[in-house]
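Analysis of the macromolecular model
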Amino acid sequence: MKQTLSAVALVVPDYDEAIRHYVNGLGFTLIEDTQISAEKRWVVVAPPGVGPGGCRLVLAKASNEAQKARIGDQTGGRVFLFLETDDFARDYERFRTAGVRFTEDPRDEPYGKVVVFEDAFGNRWDLIHRK
């Protein structure tokens, strides 16, 4: 048996705002943007270089107050997503120049170089370059 985690839903306040942040700000690729109903779209983005079978983000617009309350806090303040890079310095500088908020300075860990940042909605991410 083979199973793959293909996508993670990320609750956002607005589809277009989220697309601008992830595509224009973080350099992700817009994979799909399909209108499903008058209020719902299927919006999928992925980091650069993710091929078939790689994990993607489904940008899911909050549709009620309970979902709106979870925007930026889907994991109770813990790091939620882990973005691995093949060039830490390049991506750290690109994110810094784009105005990404880092919550700490980069640090060396036994597994590699890492820094925590927040996306435009408050979700905490690790940017990691593995050893």
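All values derive from a computational prediction rather than experimental measurement.

Looking now at the overall build of the chain. Counting its regular elements, the chain contains three helices and nine strands. In the chain, the succession of α and β elements from N to C terminus is β-α-β-β-β-α-β-α-β-β-β-β. Since a compact globule built from 131 residues should have a radius of gyration of about 14 Å, the 15 Å found for the chain is in line with a globular shape. Dimensions of the chain along its principal axes, counting C-alpha atoms only, are 45 × 35 × 30 Å. In the chain, buried positions account for 35% of the 131 residues. With the model as given, the accessible surface of the chain reaches about 7,800 Å², and the carbon-plus-sulfur share is 50%. Between the averaged position of the 18 positive side-chain charges in the chain and that of its 20 negative side-chain charges there is a distance of 3 Å.

Before going further, it helps to examine the pairing of strand β9 (residues 124-130). Residues in a regular strand project their side chains so that they alternate between the two faces of the sheet. Bridging between strand β5 (residues 79-84) and β9 involves five bridges; their strand directions are parallel. Considered in β9, the bridge of F82 is made with D126. Note: strand β8 (residues 112-118) against β9, seven bridges, orientation antiparallel. For G112, the partnering residue across the bridge sits in β9 and is R130.

Turning next to the nonpolar core. If you look at the biggest cluster of nonpolar residues, it comprises 25 residues, and the most contacted ones within it are Y22, L57 and L59. Where this core is concerned, the elements lending two or more residues are β1 (7-12), α1 (15-25), β3 (41-46), β4 (56-61), β5, α3 (88-97), β8 and β9. For this core, the leading source of residues is α1, giving four residues.

Cut-off values and rules
- Residues numbered from 1 in each chain as written.
- Predicted model: local features only at pLDDT ≥ 70, side-chain atom pairs only at ≥ 80, totals over all residues.
- Heavy atoms only, no water.
- Helix = DSSP H or I, 4+ residues; strand = E, 2+ residues; numbered from the N terminus.
- Rg over C-alpha atoms; globule rule 2.2 N^0.38 Å.
- Buried < 20%, exposed > 50% of the residue type's maximum accessible area, 1.4 Å probe, protein only.
- Areas by Shrake-Rupley, 256 points an atom, 1.4 Å probe, with all protein chains shown as cover.
- Lys, Arg positive; Asp, Glu negative; His and termini not counted.
- Charge placed at Lys NZ, Arg CZ, Asp CG, Glu CD.
- Pairing = 2+ DSSP bridges.
- Core = buried A, V, L, I, M, F, W, Y, C linked by side-chain atoms within 4.5 Å.

So, to be careful, I would describe these as geometric facts and stop short of saying anything about function.
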